[in-house]
Amino acid sequence: MAKTKRLVTLFKKTSTHKNNFNIMNSILLIIKSNLARRRSQSITAGVSIVTVSLLFSLSIGILTSIQQPFDKVFNNLNASHILLLYDFRNDNGDSMKNWFLKQPEVESVGNPDAYYNCNGPLFVKTGKIDALVQITEFTSNHLRQDKLKILKGDIKDAPGINEIWLPNYLAVQHNIQVGDTIAIPTSGGTYSFKVSAMVSDPHYGSGMVNPTRAWVKAGSLSFFAPVSQLTNNCLGIRLKSTDLVADVLGRFNTKFNFAGTALQYSIFKSAFMSTYQLIAGILLIFSILALIIAVYLIRSIIIKTIYDYYKLTGILKAQGFTPANIIVIYVTQYLFMAILFIALGCCGTSFILQLIMQSVMRTIGVIDLHLRLPFIFAVSFIFLTTIIVLTAFIAALKTTKIKPAQAIKYGAPERIKTRTRADNIINRSLLPLLPALSIRALMENKKRALVTFTVLLFTIFILLFSSGVTTSLSQLKYNKAAWGFENGEIELVRNGATPIGFTHQELKEIFEGEKGIKSVTPFSYESIMILPGAGKQPVNLFGKAYEGDITKAGLITLSGIYPSNESEIALCIGTAKLLGKMPGDSIAAFIEGQQVTLKITGVYQDISNMGQGFRLSSKTFEKLNPVYSPAMYSLKLVNVAGAEDYKKYLQKKYGSTITINMNIEDRLKQMGIVSNMIITFLLLAIFFITILLLSIWNDVIVSTRDYRKSFGIFKTAGFTPRQLRMLLVWKMILLCAFSLILAIPLSLFLSPLLMGQVTQNFGIVQFPFSVSGVSVIIIACIFFCAVVLCAWLSSSGASKINPRVLLVGQ
């Protein structure tokens, strides 16, 4: 009553005469009063708007900005759009170079660069680094094409004798400094280099391309590797446009029976951007969830304000305010709040986006970036402001139903008093008194309970979602097949070029005779060209050919089966969508210089090549190339736990005849992807928990005010201050329990679907979501305790209520 009188007095001060009533001035004063008197609710809504703005604008910022650093560095360093890796005993580098020079789309072609595959580990002062390194000779050719930018170290034209240049990301990850010594294993022991520079290499600068690359002085390879092993060359081709890669490679494959590997611009760019795109996709999902929470909060706050100011609304209407004027009050208030808090969120985005770009540039080199901040902020502001203002408008429509006479007389909407289920809870329930009263309070104010329940539900869902995604990534080694990797514990390469090397059949028989090896799956990486048909560009694919039954490698399909003969093929999900093909269809392909027709038997998912690729039976290549033999092997061990020891055993026994590759889980760990995800999810969890605690705090304070007369009666009846507080706490306990019961199965069902939408562009449409039961229990317990503690602390006002004042109706 006193509050309404004060607001009416405020209103009268703004209207000296009805005929010259200043509507806008009155609206502004009422908005000012609303913000001042409902600070806790305004702060809660403001924090939710800031969170939505930050997450949404940051996701848009990353998606629109992350390709700019790569493109700038790629063009500044005149990098090649195509890299051909080949053995000069099988392919003629000069013939290929001459052919490319004659193509109208080609801007320049480099000279063949010799490289040596070092199988690791690398030895540095901090220990050993399990990494495969393509040690390449730096020639004068790299002063004009495929240039390197020195980020740390002395600026000079080439490495010196016994010096090595490392990609900057590798040095950062392993704390390698200029001047350190790095040793590589060779057939005669180890060979040491001095690290003289850290460089930006756009092809191998992300850590997602395996192996990585390091640079030494031209002619240095023969110092530590036998000449018989120095047969690998790399040829770089730069085109006039990135759009011409497929067309040029298509003609190349029809002209040459190329036995090597063709790496193209799209692979390097995807490798660089993939981690950031994944994080941006997750942020976008979280921003949508945060927006839903914000809409619920804003709507509930407006409706609560309408009922609190019910009598004032009637007075305003009686004084000449139209329904539109009343709606403008709420719309203007939240438009102002949207402008203020979205601006704060965008400021946070600007700061975080700058940090992300600085982190990127520490890896690839400092460049002149022009972030599209005005565009990012404009999109965020227009979209979020529209949603917030629309929410305020819809909620404020309730004021149109308020009748001035009834509002002034009763100060509340007319209610028909009927006996409800809530009235029977106290009389019939077997529950203790406080929980029963809490249930009654929930049922009497269902809308507010629903809003609080929704915030609780979304918050615990987000926590469980975050935990599940990080668990899925960290437990990848136990579910490799779902990610598209062979389920073997060891992957190795046969070095057939060594003087004591084995043939494929010899090495396969040796492994099959090893007691510690359960199964052997030989395979090889291959390139083919798909011919979609007339009027369509050829598609160059990088995939694998397996010997024997492909399913023995643990690989699974999304639909269909894997090929078993030379005329069949399985496509990765991204390639199948690109070509519009499914199991049962046929495609024309160019393999080993010959055109063949293949029947598609299955579709699978694989993250290793961003959803593009194929899987064939080795019979296809054996039929077309009589000397073909696989050079890679996936080994499934008898003792899975002893994989590391068995690697050492194999390396010691077979020496330089084999190369043991780094497995996928070690690569993820080395690149810090899992740790970065954990940090990202932790920050997101803090944002949402903040919104939750503010919402609970606001709910309890509002409930204390609404129930003050009932609390006065309870106090008179003998309730202690602690019992009054526990009544409010019990309400939160019940809502929290219901949210946990619903959120746990909901997260198990929805999380894989949401992540599948994020990762489908990376080749994973059925996200392999893993859940740790222990993590779920820990999160649920911490969540429950935080909610109860917040409710207890915010309920202190209930113990201060004076029953003598309330019982007389003041």
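Here goes a summary of the coordinates provided.

A few points about the overall build of the protein chain
So, point 1. When its secondary structure is counted, the protein chain shows 27 helices and 23 strands.
So, point 2. Looking at the protein chain as a whole, 54% of its 810 residues are labelled buried.
So, point 3. Contacts spanning at least 24 positions in sequence make up 81% of the contacts within the protein chain whose residues lie at least 6 apart.
So, point 4. Just so you have it, the protein chain exposes about 35,900 Å², and 59% of that area is on carbon and sulfur atoms.

Things to note about unusual backbone geometry
So, point 1. Although it is not a glycine, Asp 146 sits at a positive phi angle of roughly 55°.
So, point 2. In this structure, Asp 146 sits in the loop between strand S6 (133-138) and strand S7 (149-153).
So, point 3. Positive phi values are uncommon outside glycine, yet Asn 162 reaches one of about 60°.
So, point 4. Here Asn 162 lies in the loop between S7 and strand S8 (163-167).

Structural notes on helix H9 (residues 265-308)
So, point 1. Relative to the 64 Å expected for 44 residues at 1.5 Å per residue, H9 spans 62 Å between its end C-alpha atoms, a close match to the ideal helical length.
So, point 2. Where H9 bends most, the angle comes to about 45°, and this point is Met 273.
So, point 3. In terms of residue burial, H9 counts as a mostly covered element, since 31 of its 44 residues are buried.

Points about helix H10 (residues 310-318)
So, point 1. Counting buried residues in H10 gives seven out of nine residues, a clear majority hidden from the surface.
So, point 2. Residues of H10 that are buried: Tyr 310, Leu 312, Thr 313, Gly 314, Ile 315, Leu 316 and Lys 317.
So, point 3. Positive backbone phi, approximately 120°, marks Gly 320, located one or two places after H10.

Considerations on the pairing of strand S20 (residues 594-604)
So, point 1. Pairing analysis gives two bridges linking strand S17 (residues 559-560) to S20, with the strands arranged antiparallel. Bridge pairing in S20 places Gly 560 opposite Gly 602.
So, point 2. Across five bridges, strand S18 (residues 568-572) lies against S20 in parallel orientation. Note on S20: the bridge partner recorded for Glu 568 is Lys 599.
So, point 3. As paired strands, strand S19 (residues 586-591) and S20 are joined by six bridges and run antiparallel to one another. Across the sheet, Ala 588 pairs through a bridge with Thr 597, a residue of S20.
So, point 4. Turn length for the S19-S20 hairpin, with the two strands adjacent in sequence and antiparallel, is two residues, and the turn residue Glu 592 shows positive phi of about 50°.

A look at the packing of aromatic side chains
So, point 1. Going through the model one piece at a time under the given rule, you end up with 28 aromatic pairs.
So, point 2. For the pair Phe 523 and Tyr 525, a centre-to-centre distance of 6.0 Å together with 75° between the ring planes defines the contact as edge-to-face.
So, point 3. Residue classification places Phe 523 among the buried positions, given a relative accessible area of 0%.
So, point 4. For Tyr 525, a relative accessible area of 34% corresponds to the partly exposed category.

With respect to the pairing of strand S13 (residues 261-264)
So, point 1. On S13, burial covers both faces: Thr 261 and Leu 263 on one face and Ala 262 and Gln 264 on the other are all buried.
So, point 2. Examined bridge by bridge, strand S1 (residues 82-87) and S13 share four bridges and lie antiparallel to one another. Across the sheet, Ile 82 pairs through a bridge with Gln 264, a residue of S13.

Some thoughts on the environment of Glu 526
So, point 1. For Glu 526, the location among the structural elements is in strand S15 (residues 517-531).
So, point 2. It is 5.6 Å that separates the C-alpha atoms of Glu 526 and Lys 544, two residues lying 18 residues apart in sequence.
So, point 3. Of note is the side chain of Glu 526, whose polar atom sits 2.8 Å from the side chain of Ser 524.

Description of the nonpolar core
What tends to happen in soluble globular proteins is that the nonpolar side chains get buried as a cluster.
So, point 1. Judged by nonpolar contacts, the single largest core of 139 residues is most densely connected at Ile 282, Phe 286, Tyr 334, Ile 696 and Phe 783.
So, point 2. With 22 residues, the single largest contributor to this core is H9.
So, point 3. The residues contacting Phe 783, other than those within four sequence positions of it, are Leu 456, Thr 459, Ile 460, Leu 463, Leu 692, Cys 736, Ser 739 and Leu 740.

Looking at the state of the cysteines
So, point 1. Under the defined criterion, the tally for this structure stands at zero disulfides.
So, point 2. For the unlinked cysteine Cys 736, the closest cysteine sulfur is that of Cys 785, found at 9.0 Å.
So, point 3. Take Cys 736: its relative accessible area is 0%, and that puts it in the buried class.
So, point 4. Between Cys 785, a cysteine without a disulfide, and Cys 781, which holds the nearest cysteine sulfur, the sulfur-to-sulfur distance is 6.5 Å.
So, point 5. For Cys 785, a relative accessible area of 49% corresponds to the partly exposed category.

So, the pattern of salt bridges
So, point 1. Going through the model one piece at a time under the given rule, you end up with 13 salt bridges.
So, point 2. Residues Glu 163 and Lys 156 are paired through a salt bridge, measuring 2.6 Å at the closest nitrogen-oxygen approach.
So, point 3. On the basis of relative accessibility, which here comes to 14%, the residue Glu 163 falls in the buried class.
So, point 4. When its relative accessible area of 33% is taken as the criterion, Lys 156 is described as partly exposed.
So, point 5. The partner of Glu 514 in a salt bridge is Lys 653, and the shortest N-O contact between them spans 3.0 Å. Of this pair, Glu 514 sits in the loop between helix H18 (504-513) and S15 while Lys 653 sits in helix H21 (residues 643-654), placing them 139 residues apart in sequence.
So, point 6. Judged by its relative accessible area of 47%, Lys 653 is partly exposed.
So, point 7. Each of Glu 105, Asp 247 and Arg 251 takes part in salt bridges that share partners, so that together they form one network.

Cut-offs applied
Residues numbered from 1 in each chain as written. Predicted model: local features only at pLDDT ≥ 70, side-chain atom pairs only at ≥ 80, totals over all residues. Heavy atoms only, no water. Helix = DSSP H or I, 4+ residues; strand = E, 2+ residues; numbered from the N terminus. Buried < 20%, exposed > 50% of the residue type's maximum accessible area, 1.4 Å probe, protein only. Contact = heavy atoms within 4.5 Å. Areas by Shrake-Rupley, 256 points an atom, 1.4 Å probe, with all protein chains shown as cover. Expected span 1.5 Å × (residues − 1). Bend = angle between axes of the 7 residues up to and from the residue. Pairing = 2+ DSSP bridges. Phe/Tyr/Trp six-rings, centres within 6.5 Å; stacked < 30°, edge-to-face > 60°. Polar contact = N/O pair within 3.5 Å; in protein donor to acceptor, adjacent residues only side chain to side chain. Core = buried A, V, L, I, M, F, W, Y, C linked by side-chain atoms within 4.5 Å. Disulfide = S-S within 2.5 Å. Salt bridge = Lys/Arg side-chain N within 4 Å of Asp/Glu carboxyl O.

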